[in-house]
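Below are the chains, spelled out letter by letter.
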Amino acid sequence: MSGSREFANETLRFRYDPGTQRFVLIGRDVETGDGARGTGTTVSSNYLTGRKITEPYRYDKTGERKITTSTKTEECPVKTPFMEDAEPEN
């Protein structure tokens, strides 16, 4: 996680491949937002299925509950690089 008012959080998901005895990247979750405004976007990419889900959100007036404002599903590349070859999002 990085940032202060504006933030970014990235989670990479790996699976162990017993055939190669290495870990492969199977998914990535990225959340960006503005803490002062209480808004943000989450993007979840599944590299096994080739499915990406984007969900903008805002917090309720109390600031305690995240409310998804829309959901967009689209295709993403089906790729499974090895752990040491995985690159962070730009």
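Higher on the page you've got the structure.
In this text the structure is predicted, and so the values were computed from the model without any measurement.

**Q** Would you take a moment to explain the pattern of salt bridges for this structure?
**A** Side chains bearing opposite charge may pair, as long as their charged atoms lie close to each other. Throughout the structure, instances matching the rule amount to seven salt bridges. Between Arg-13 and Asp-29 there is a salt bridge, and its shortest N-O distance comes to 2.6 Å. Of the two residues, Arg-13 is situated in strand β2 (residues 6-17) and Asp-29 in strand β3 (residues 22-34); the sequence distance between them amounts to 16 residues. For Lys-72, the salt bridge goes to Glu-74, with nearest N and O atoms at 3.9 Å. Exposure remark for Glu-74: the relative accessible area of 30% places this residue in the partly exposed category. Connected through shared salt-bridge partners, Lys-52, Lys-72 and Glu-74 make up one network.

**Q** It is not clear to me how a nonpolar patch on the surface should be interpreted in this structure. Could you clarify?
**A** Residues Tyr-16, Phe-23 and Met-83 make up a contiguous nonpolar surface patch of about 290 Å² in total accessible area. For Phe-23, the position within the fold is in strand β3. The exposure class assigned to Phe-23 is partly exposed, which follows from its relative accessible area of 38%.

**Q** Can you help me understand the side chain of Glu-31 in this one?
**A** Examined against the element boundaries, Glu-31 turns out to sit in strand β3. Within polar-contact distance, the side chain of Glu-31 engages the side chain of Lys-66 at 3.2 Å. Beyond its immediate chain neighbours, meaning those up to four positions away, Glu-31 contacts Phe-7, Ala-8, Asn-9, Thr-41, Thr-42, Tyr-57 and Lys-66.

**Q** Please clarify how the environment of Glu-10 should be interpreted in this entry.
**A** Here Glu-10 lies in strand β2. For Glu-10, a relative accessible area of 31% puts it in the partly exposed group. Placed 19 residues apart in sequence, Glu-10 and Asp-29 show a C-alpha to C-alpha distance of 5.7 Å. In this structure the side chain of Glu-10 is engaged in a polar contact, spanning 2.6 Å, whose partner is the side chain of Arg-28.

**Q** Looking at this model, I keep getting lost on the environment of Thr-68. Mind explaining?
**A** Its location among the elements puts Thr-68 in strand β6 (residues 66-68). Judged by relative accessible area, Thr-68 falls into the partly exposed class, the value being 42%. The spatial distance from the C-alpha of Thr-68 to the C-alpha of Asn-9 is 17 Å, given a sequence separation of 59 residues. In contact with Thr-68, not counting residues within four places along its chain, are Glu-55, Pro-56 and Tyr-57.

Conventions we followed
- Residues numbered from 1 in each chain as written.
- Predicted model: local features only at pLDDT ≥ 70, side-chain atom pairs only at ≥ 80, totals over all residues.
- Heavy atoms only, no water.
- Salt bridge = Lys/Arg side-chain N within 4 Å of Asp/Glu carboxyl O.
- Helix = DSSP H or I, 4+ residues; strand = E, 2+ residues; numbered from the N terminus.
- Buried < 20%, exposed > 50% of the residue type's maximum accessible area, 1.4 Å probe, protein only.
- Patch = residues over 30% accessible without salt bridge, like charges linked within 9 Å, V, L, I, M, F, W, Y side chains within 5 Å.
- Areas by Shrake-Rupley, 256 points an atom, 1.4 Å probe, with all protein chains shown as cover.
- Polar contact = N/O pair within 3.5 Å; in protein donor to acceptor, adjacent residues only side chain to side chain.
- Contact = heavy atoms within 4.5 Å.

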